[in-house]
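Spelled out, the chains give:
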Amino acid sequence: MKSTELLYTKIKEAVAKTAGRELKTPRDFDYLSMRIFDTTKSVVSPTTLKRFWGYLKNENNVIPRLSTLDILSRFVGYSDWNSYCQSSYGINDVDSDFINNPTLYTTSLQCGDEVKLQWKPDR
C-alpha cells in the first residue's frame, strides 16, 4: 500500500472513531456530514464522503481535494492535512494543535464559575 493510500486509510479510521460510528449506510454519511459541520463549521457533502470512503460503486480511487482533507483533519483535531500527515509520519510529537471548541472569554465568567477542560483518553 502506498503511503498516500495508507494516510487516507488512517484519516478514514480517525474520522469514524471521532464520529463514533462505522460508515456503512447513506444515513451514516449524512450524520458524519452534519457532525463535521457542527465541529468545524465547514461543509463536506455526504456524496463527497461516500466517494472518498469508496461507498459509491463507480467511484473507486477518488483522490480527495486538499480542502476536504483539511476539513477531515480539523474534525479529528489537527489544524490541517499537513499537520495530520506530519503527525502520522512521527515528525511531530504533538497529537494535535487545534482546539475546535468555541472560544471562552474570561470576561464572560463570574466569580466562582468553574471551567472544565477534557481531552479524549487517547490524547
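Just so you know, these numbers come straight off a predicted model, no measurement behind them.

*Asks:* If you had to explain the environment of T18 to someone new, which residues and values would you point to?
*Replies:* Topologically, T18 is positioned in helix α1 (residues 3–19). The exposure class assigned to T18 is buried, which follows from its relative accessible area of 17%. For the pair T18 and I36, spaced 18 residues apart in sequence, the C-alpha separation works out to 9.8 Å. A distance of 2.9 Å separates a polar atom in the side chain of T18 from the backbone oxygen of A14.

*Asks:* Describe the packing of α1 against helix α4 (residues 66–75), with residues and values.
*Replies:* Packing of α1 against α4 brings their axes to within 9 Å, and their N-to-C directions diverge by 45 degrees. In terms of axis orientation, α1 runs oblique to α4. Of the two possible hands of crossing, α1 and α4 adopt the one that is left-handed. Note on element contacts: α4 touches α1 through L69, L72, S73 and F75, opposite Y8, I11, V15, T18 and A19. Of the residues belonging to the contact of α1 with α4, the class tally is seven nonpolar, two polar and no charged.

Cut-offs applied
Residues numbered from 1 in each chain as written. Predicted model: local features only at pLDDT ≥ 70, side-chain atom pairs only at ≥ 80, totals over all residues. Heavy atoms only, no water. Helix = DSSP H or I, 4+ residues; strand = E, 2+ residues; numbered from the N terminus. Buried < 20%, exposed > 50% of the residue type's maximum accessible area, 1.4 Å probe, protein only. Polar contact = N/O pair within 3.5 Å; in protein donor to acceptor, adjacent residues only side chain to side chain. Axes fitted to C-alpha atoms, helices over the stretch in contact; angles between N-to-C directions. Parallel < 35°, antiparallel > 145°, perpendicular 65-115°, else oblique. Left-handed = near helix turned anticlockwise from the far one by under 90°. Contact = heavy atoms within 4.5 Å. Nonpolar A, V, L, I, M, F, W, Y, C, P; charged D, E, K, R; others polar.

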